[in-house]
Amino acid sequence: MMDHTGGWMGGWAGGGMWLWTVIGVLVVVLLVVLIMKVSKK
């Protein structure tokens, strides 16, 4: 466990992990779209 992140991370560690998963998926999708656009040129 990372205790040096501070107390505000306590809420994120419990029910906020899904948010990081969504952000990760969105980043991957954006990267794929950018790669496809670049490859078409």
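Everything here concerns the structure above.
Each chain carries its own residue numbering, running from 1 in the written order of its sequence. Owing to the predicted nature of the model, reporting of local features is limited to residues with pLDDT of at least 70; listing and counting of side-chain atom pairs is limited to 80 or more, with chain, interface and lining totals taken over all residues. To obtain the side-chain values, all non-hydrogen atoms of the structure were included, while hydrogens and water were left out.

> Break down the overall build of the chain for me, with residues and values.
Looking only at helices and strands, the chain has two helices and zero strands in total. Per-residue accessibility, obtained with a 1.4 Å probe over protein chains only, is compared with the maximum for each type, and a residue is labelled buried under 20%, exposed over 50%, and partly exposed between these values. Relative to its full complement of 41 residues, the chain shows a buried share of 2%. Per-residue accessibility takes into account occlusion by the displayed protein chains alone, with areas from the Shrake-Rupley method and a 1.4 Å probe. Put simply, the chain shows about 3900 Å² of open surface, and 78% of that area lies on carbon and sulfur atoms. Secondary structure is summarised from DSSP: a helix means a run of H or I of at least four residues, a strand means a run of E of at least two, and numbering begins at the N terminus for each.

> Which residues make up a nonpolar patch on the surface, and what values do they have?
Each patch is built from residues lacking any salt bridge and having more than 30% relative accessible area; the joining distance is 9 Å for like charges and 5 Å for nonpolar side chains (Val, Leu, Ile, Met, Phe, Trp, Tyr). By convention in these notes, a salt bridge is any Lys or Arg side-chain nitrogen within 4 Å of a carboxyl oxygen on Asp or Glu. A cluster of nonpolar side chains, Met-17, Trp-20, Ile-23, Val-27, Leu-31, Leu-34 and Ile-35, forms an exposed patch at the surface whose accessible area comes to about 690 Å². Tracing the sequence through the fold places Ile-23 in helix 2 (residues 17-40).

> Run through the environment of Ser-39, naming residues and quoting values.
Within the fold, Ser-39 resides in helix 2. Since its relative accessible area comes to 56%, Ser-39 is described here as exposed. Identification of polar contacts relies on pairs of N or O atoms within 3.5 Å, with a donor-acceptor requirement for protein atoms, meaning one able to donate a hydrogen and the other able to accept it, and with residues adjacent in sequence counted only if both atoms are side-chain atoms. In terms of polar contacts, Ser-39 uses its side chain to reach the backbone carbonyl oxygen of Met-36, at 2.8 Å.

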